Amino acid sequence: MVAVVKEDTWTARRINRTAVITMVVMVFAWSVDYIDRFSIGMALPMIGAEFELSKTQQGWLVTVFALVYMVCQIPAGFLADRYGSRGPMLVTLLLWSAFTAMTGMAGTFGMLLVVRGLFGVCQGLFPAASFKAIAERTTPGNRATVTGVMLSAGGIGAGLAPLIVGPLLMALGWRHTFFWMAGIGAIIGVVVWAILPKALPESLSSLPRADAKTPEVSRKQVLKSPVIWKFTLLFCVTNMLNYGMITWVPSYLLESRGLTLGQTGVLAAIPMLVSIGTTILGGWLFDRYFHDHGRWYLGSIALVTVVLLTLMVNADSTAEFTLYETLALAVFGMATMAVFGLPLRVLPTAVTGIGMGVMNFGGQVAGAVAPVAMGWLADTFSYTAAFGFLIGTTLITAVMAFWVPQTPAQFTFSPASPKTS
């Protein structure tokens, strides 16, 4: 017989403890996600040399992952809403660790593309489940703060990846490096599954009916919502910067600045590690001050980032390039929750998985486009042209910030028929 926990046992202390434990668990899980995902950027020069690949072909190793990852986002949202968060997260963590190991076994470029695609399937099921885990275990009032901490793992993973992967690549080669990362990822996957706390009652995890413009929302309404798709497009242009920098900065530092692999690892890590704090800060600022003023917040951040990226592209020295790169990613890190904050506050917990799946679909369009587009620009013109692509997409972000709603009252869905499920 399953024990039923009465709602009145959920004291403020227990609710906060649930949020904190969930936040810590998800930071670990997402850190492994990003380390496994972005280690390919550090390994690209070695893989390219072994298989005699152009930069465009190297970009496809990132893009094939992103394409498959992108296609999986909406189905992953359905799975998360249907089965909850705990089971799907365990399965995906274990499976993507297996395909991380298989990356090191690939004997041809074609096989490597296939393995990276399968790796994309496994990781593609994870984000919707993780957002679902947050929605089930937080209240709307602290959700952006908790989610901001979780997404700061992007900086942790992307920052640690060069520091961890660089020495491993030098000591073991790229193949054995992927074996080591696979083993660590599998262990952490089991730990995440074991200690994720019990979900809150839905009455605590969703907005009060009086605050929600459309309190009852179905999955079909989410898929048809123009507002959700506006935020999806916004996340697409926003995510171009992260994918582009993580994929091509290591190769740029090695080839254009003449750095060693060890030096590249350190300099590539600095901007990502700095962005950890600003991503967390951005979530707190959104919850505290900007939850109803997201347009000016995001637009201002994007314009400042455009200026810093322009200075980065025109930098004369490696130190100057890294300084402006660090400042640009630090400032832009504060924008993350301006994209996710309002949808996470408004979407009922029951449909958070599909809502975040749709939004993350847009983010992975960026992952499919940016690496290959920038690789082609670098091959055809120069790295300056490639980084100029990111200046353009960040400027578009500033414009699109004023296209999306910024209050719960503006976040509406079409009425559902009685038979809609």
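Reading guide: rules and limits
Residues numbered from 1 in each chain as written. Predicted model: local features only at pLDDT ≥ 70, side-chain atom pairs only at ≥ 80, totals over all residues. Heavy atoms only, no water. UniProt positions renumbered as here; feature names shortened; annotations may be inferred. Salt bridge = Lys/Arg side-chain N within 4 Å of Asp/Glu carboxyl O. Buried < 20%, exposed > 50% of the residue type's maximum accessible area, 1.4 Å probe, protein only. Helix = DSSP H or I, 4+ residues; strand = E, 2+ residues; numbered from the N terminus. Expected span 1.5 Å × (residues − 1). Contact = heavy atoms within 4.5 Å. Core = buried A, V, L, I, M, F, W, Y, C linked by side-chain atoms within 4.5 Å. Domains from an automatic or database assignment.

An unreviewed UniProt entry annotates the chain as MFS transporter of Amycolatopsis orientalis. The annotation that UniProt attaches to the chain under Subcellular location (unreviewed entry) is "Cell membrane".

**Q** Quick question: what am I supposed to make of the pattern of salt bridges here?
**A** Between side chains of opposite charge, a pair can form as their charged atoms come close. Taken as a whole and judged by the stated rule, the model has three salt bridges. Put simply, Arg137 and Glu136 hold a salt bridge, and the shortest N to O gap is 2.7 Å. Given the relative accessible area of 4%, Arg137 is considered buried.

**Q** So what exactly am I meant to see when it comes to helix α12 (residues 294-313) here?
**A** Helical geometry: 3.6 residues make up each α-helical turn, so side chains three or four residues apart lie on a common side. For α12, built from 20 residues, the straight-helix expectation of 28 Å at 1.5 Å per residue is met to within 8% by its first-to-last C-alpha distance of 28 Å. Inspection of α12 places Gly294, Tyr297, Leu298, Gly299, Ile301, Ala302, Thr305, Val306, Leu308, Leu309, Met312 and Val313 among the buried residues, and these make up the whole buried set. Check the buried side of α12 and you find it contacts α10 (226-255), α11 (261-290), α13 (318-333), α14 (336-346) and α16 (383-400).

**Q** Honestly, the nonpolar core in this entry has me stumped. Any pointers?
**A** The tendency in soluble globular proteins is for nonpolar side chains to be buried as a group. Counting 125 residues, the largest nonpolar core has Met26, Ile47, Met245, Phe340 and Phe387 as the members making the most contacts within it. The element that contributes the greatest number of residues to this core is helix α1 (residues 12-51), accounting for 17 residues. Lining this core are residues from two domains, each supplying at least three of them: domain 1 (14-200) and domain 2 (219-412). With sequence-adjacent residues up to four places away left out, Phe387 is seen in contact with Met245, Val249, Tyr252, Met312, Val313, Phe321 and Met374.

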